[in-house]
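# Structural overview for review
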Amino acid sequence: MTAQRNPVVIAAAGIAAVGCSFGMARYGYGLLLASIRASYHLSTGALGLIAAGGYGSYLIAGTVAVALVARVGGRAVVVAGGACATLGMASAGVTRTSAGLCVSVLVAGASAGLVFPPFSDIVATGVRPARRGRTLAAISSGTGWGVALAAPIAILLGDDWRPAWLIWAGLGAIVTLTCARLLPPGRGASPGELPALRPSWFVCPRSGPLLSGALLIGLGASVFWTFAVELLQSSGGLGQGTARGFLMLVGVASIAGTLAADLMRRVGQRGAFVLCAGLMAGSLGLLAVWPGSVPAALTAGIGFGGAYNGVVALQTLWSAEVFARRPSAGVAAVMTMLAIGQLIGPPLAGAAAGAVGLRGAFLGAAT
């Protein structure tokens, strides 16, 4: 029997790790997109392709994480993900070429795929059953904490975007070392201890709605995270500080995802998922229709932030039930479907923006 750990300590480490890998290493690119465009003179389509590359590395890393957790334990994989986040962000801060930026985004994007799945196993083995739902929901909210911290740094630095990456890399190093110290050591699984991972294990009647929903959520959310700041500046005419402050608001609102476990208990899995997904779609549509309205942008930011992290938390809790015998593999399956949607979303949005504008692309994502 694995010793029970303080859920507050595990949740704090998880929030920090997810905040660094998702909120900074992965979504920091969208936060700095307008300044990056100006520095490298890239088209919207090229920016979307770079974003898709980051999502692609996230997809591959999430698949690799499943095998690594079984072999070396969860803590080692979390630390490896933190190292990728730190290295990728540091590289983005020093490179002077668009090719170097692309490689940096790929490395940084891989961190999210490595960091998140292990926490399902860490929580399943180290936290009492009564506390697992809230602990997982809290860890899922880490994205919001990361964005809420990253955005003020970007606002203060303005167009000088490279130091922002370096500051985030410093924070990533601190988080990685902290996780190495606080998380339980874990161990690899013995042969035969875990179920064999076959397509039939992942795809079953219970997992169908979970995985298809993740694909659609990934499609819509990737457009928002990559192009929302760009939309507010280019189509809405808002200033850089206001647009980045909007993303900080999204991050703060995302912390509401911590309440996903309680929402699910009140209205059920289906009701909670439909509520959050509908709020996400409404927020995308609102931003498309009134990108120059500060009240509309604030409403859309709060709605999207809370709804998106709520959906991610709900999918994490849902996958822990569907794939109870191997939670990290279940979360990786959900992340894979999210990542496929997120891989497709930015290039499609970039191409659509060239034909019908970013506002049209956002309307398409909302539907």
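Scroll up for the structure.
Criteria and thresholds
- Residues numbered from 1 in each chain as written.
- Predicted model: local features only at pLDDT ≥ 70, side-chain atom pairs only at ≥ 80, totals over all residues.
- Heavy atoms only, no water.
- Helix = DSSP H or I, 4+ residues; strand = E, 2+ residues; numbered from the N terminus.
- Rg over C-alpha atoms; globule rule 2.2 N^0.38 Å.
- Buried < 20%, exposed > 50% of the residue type's maximum accessible area, 1.4 Å probe, protein only.
- Salt bridge = Lys/Arg side-chain N within 4 Å of Asp/Glu carboxyl O.
- Axes fitted to C-alpha atoms, helices over the stretch in contact; angles between N-to-C directions.
- Parallel < 35°, antiparallel > 145°, perpendicular 65-115°, else oblique.
- Left-handed = near helix turned anticlockwise from the far one by under 90°.
- Contact = heavy atoms within 4.5 Å.
- Nonpolar A, V, L, I, M, F, W, Y, C, P; charged D, E, K, R; others polar.
- Expected span 1.5 Å × (residues − 1).
- Bend = angle between axes of the 7 residues up to and from the residue.
- Phe/Tyr/Trp six-rings, centres within 6.5 Å; stacked < 30°, edge-to-face > 60°.
- Lys NZ or Arg CZ within 6 Å of the ring centre and 35° of its normal.
- Polar contact = N/O pair within 3.5 Å; in protein donor to acceptor, adjacent residues only side chain to side chain.
- Core = buried A, V, L, I, M, F, W, Y, C linked by side-chain atoms within 4.5 Å.
- Disulfide = S-S within 2.5 Å.
- Patch = residues over 30% accessible without salt bridge, like charges linked within 9 Å, V, L, I, M, F, W, Y side chains within 5 Å.
- Areas by Shrake-Rupley, 256 points an atom, 1.4 Å probe, with all protein chains shown as cover.

Okay, the overall build of the protein chain next. From N to C terminus, the protein chain includes 15 helices and zero strands. In terms of overall size, the protein chain behaves like a compact globule, its C-alpha atoms giving a radius of gyration of 19 Å where 367 residues would be expected to give roughly 21 Å. Principal axes of the C-alpha set define a box for the protein chain whose edges measure 60 × 45 × 35 Å. When burial is assessed residue by residue, the protein chain has 56% of its 367 residues classed as buried.

A separate point is the pattern of salt bridges. The tally for this structure, following the rule as stated, stands at one salt bridge. Glu 230 is paired through a salt bridge with Arg 37; the nearest N and O atoms lie 2.7 Å apart. Taken together, the positions of Glu 230 in helix α11 (residues 208-234) and Arg 37 in helix α3 (residues 33-40) put the pair 193 residues apart, joining distant regions of the chain. By relative accessible area, which is 8% here, Glu 230 ends up buried. Exposure remark for Arg 37: the relative accessible area of 23% places this residue in the partly exposed category.

This paragraph deals with the packing of helix α6 (residues 98-126) against helix α7 (residues 129-140). Relative to each other, α6 and α7 sit at 160°, their axes nearing to 10 Å. The orientation of α6 relative to α7 falls into the category roughly antiparallel. Seen from above, α6 lies across α7 with right-handed handedness. Across from Phe 116, Phe 119, Ser 120, Val 123 and Ala 124 in α6, the residues of α7 making contact are Arg 132, Thr 135, Leu 136, Ile 139 and Ser 140. Broken down by class, the residue content of the contact of α6 with α7 amounts to six nonpolar, three polar and one charged.

This next bit is on helix α13 (residues 260-289). Over its 30 residues, α13 runs only 29 Å from end to end, short of the ideal 44 Å by more than 12%, given 1.5 Å per residue. A maximum bend of about 115° is found in α13 at Gly 268.

This brings us to unusual backbone geometry. The backbone of His 41 shows a phi angle near 55°, a positive value even though the residue is not glycine. Within the secondary structure, His 41 is located in the loop between α3 and α4 (44-72).

Here the focus is the packing of aromatic side chains. In the structure shown here, the tally under the stated rule is seven aromatic pairs. Taken together, a centroid distance of 6.0 Å and an interplanar angle of 80° make the contact between Phe 22 and Phe 116 edge-to-face. Note that Phe 22 is positioned in helix α1 (residues 7-26) and Phe 116 in helix α6, a separation of 94 residues in sequence. Across the pair, Phe 116 and Phe 22 agree in class, each one buried. Sitting over the face of the ring of Tyr 58, Arg 26 holds its NZ or CZ atom 3.7 Å from the ring centroid.

Moving on, we come to the packing of α4 against α6. Where α4 meets α6, the closest approach of the two axes is 7 Å, and the angle between their N-to-C directions is 35°. Seen along the crossing, α4 lies across α6 with a hand that is right-handed. Residue-level contacts link Ile 50, Gly 53, Gly 54, Ser 57, Tyr 58, Ala 61, Gly 62, Ala 65, Leu 68 and Val 69 of α4 to Cys 102, Val 105, Leu 106, Gly 109, Ala 110, Ala 112, Gly 113, Leu 114, Pro 117, Pro 118 and Asp 121 of α6.

Another aspect to go through is α1. The largest bend in α1 comes to about 30°, at Gly 19. Judged by how many residues are buried, α1 sits mostly within the fold: 16 of 20 residues are covered. Sitting at the head of α1, Asn 6 places a side-chain oxygen 2.9 Å from the backbone nitrogen of Val 8.

Turning our attention to the nonpolar core. The biggest cluster of nonpolar side chains holds 107 residues, and the ones touching the most others in it are Tyr 29, Trp 168, Phe 224, Trp 225, Leu 287 and Phe 362. Leaving out residues up to four positions away in the same chain, Trp 168 has contacts with Met 24, Gly 28, Leu 31, Leu 32, Met 89, Ala 150, Ile 153 and Ala 154.

A separate point is the environment of Val 267. Relative to the elements of secondary structure, Val 267 occurs in helix α13. For the pair Val 267 and Gly 48, spaced 219 residues apart in the sequence, the C-alpha separation amounts to 37 Å.

Turning to its location among the elements, Ser 222 is positioned in helix α11. Taking the relative accessible area as the measure of exposure, Ser 222 reaches 0% and is therefore buried. Within the local environment of Ser 222, its side chain forms a polar contact with the backbone oxygen of Leu 219, the two atoms lying 3.1 Å apart.

Moving on to the side chain of Thr 95. Examined against the element boundaries, Thr 95 turns out to sit in the loop between α5 (74-94) and α6. Polar contacts involving the side chain of Thr 95 include one to the main-chain amide nitrogen of Thr 97, which spans 3.4 Å.

Here the focus is the state of the cysteines. A full pass over the atoms with the stated rule returns zero disulfides. Cys 102 takes part in no disulfide bond, and the closest cysteine sulfur, belonging to Cys 84, lies 16 Å away. In this structure Cys 102 comes out as partly exposed when scored by relative accessible area, which is 27%.

On to a nonpolar patch on the surface, then. A cluster of nonpolar residues, Ile 60, Val 64, Leu 68 and Val 72, forms a patch on the protein surface that exposes about 310 Å² of accessible area. Within the element layout of this structure, Leu 68 appears in helix α4.

With respect to the helices and strands, Trp 225 occurs in helix α11. Considering only alpha carbons, one finds Trp 225 and Tyr 55, 170 residues apart in sequence, at a separation of 12 Å. Here Trp 225 is in contact with Tyr 27, Gly 30, Tyr 55, Val 147, Leu 247, Val 250, Phe 304 and Tyr 308, once residues within four sequence places are set aside.

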